[in-house]
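Understanding the architecture of this molecule
Each chain, letter by letter, is given below.
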Amino acid sequence: MTDFRDRERAEEAHFALEGETAFRILARRNRLLGEWAAGLMSLTPEETDAYRKAVVQAEFEEAGDEDVVRKLLGDLTGAQIDIAEADIRAKLNELAIEARRQLLGEV
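Because the structure is a prediction, the values reported are computed rather than measured.

**Let's talk about the overall build of the protein chain**
- In terms of helices and strands, the protein chain carries four helices and zero strands.
- The order of α-helices and β-strands along the protein chain, N terminus first, is α-α-α-α.
- Over its C-alpha atoms, taken along the principal directions, the protein chain stretches across nearly 65 × 25 × 25 Å.
- By the burial criterion, 26% of the 107 residues in the protein chain qualify as buried.
- As displayed, the protein chain has an accessible area near 7200 Å², and 53% of this comes from carbon and sulfur atoms.

Right, dumping it as structure tokens:
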């Protein structure tokens, strides 16, 4: 019975670690995305820092990436940057790979 409990605890710990890692990758991706968009909008370093945080916060509005894409599309359009939603989604996917690489050392 102890083996079963040990295995159960190990699987729970593994599941928790995977969830935490996924969250950290998502937050890193959103910070990178915010930095990219801030560069397009020519924000100052202070504004860039605040904007990165705002993009990370946008993730918590609803499940999935729609809230982040909607925020960036609105902000970039408002800043007179001509960009398509598909371009933002492509950058989001590219930066997800980069965030994973940065956090886990994967190529």
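Continuing now.
**Looking at the pattern of salt bridges**
- According to the stated counting rule, one finds ten salt bridges in the structure shown.
- Between K71 and D75 there is a salt bridge, and its shortest N-O distance comes to 2.8 Å. Of this pair, K71 and D75 both sit in helix α3 (residues 66–78), four residues apart, roughly one helical turn.
- A salt bridge links E98 to R101; the shortest N-O distance between them is 2.5 Å. On the criterion of helical spacing, the pair formed by E98 and R101 is a turn pair, its members being three residues apart in helix α4 (residues 85–104).
- Through salt bridges with shared partners, one network takes in E35, D49, R52 and K53.

**Description of the side chain of E59**
- Turning to its location among the elements, E59 is positioned in the loop between α2 (45–58) and α3.
- In contact with E59, not counting residues within four places along its chain, are L26, R29, N30, G64, D65, D67 and V68.

Parameters at a glance
Residues numbered from 1 in each chain as written. Predicted model: local features only at pLDDT ≥ 70, side-chain atom pairs only at ≥ 80, totals over all residues. Heavy atoms only, no water. Helix = DSSP H or I, 4+ residues; strand = E, 2+ residues; numbered from the N terminus. Buried < 20%, exposed > 50% of the residue type's maximum accessible area, 1.4 Å probe, protein only. Areas by Shrake-Rupley, 256 points an atom, 1.4 Å probe, with all protein chains shown as cover. Salt bridge = Lys/Arg side-chain N within 4 Å of Asp/Glu carboxyl O. Contact = heavy atoms within 4.5 Å.

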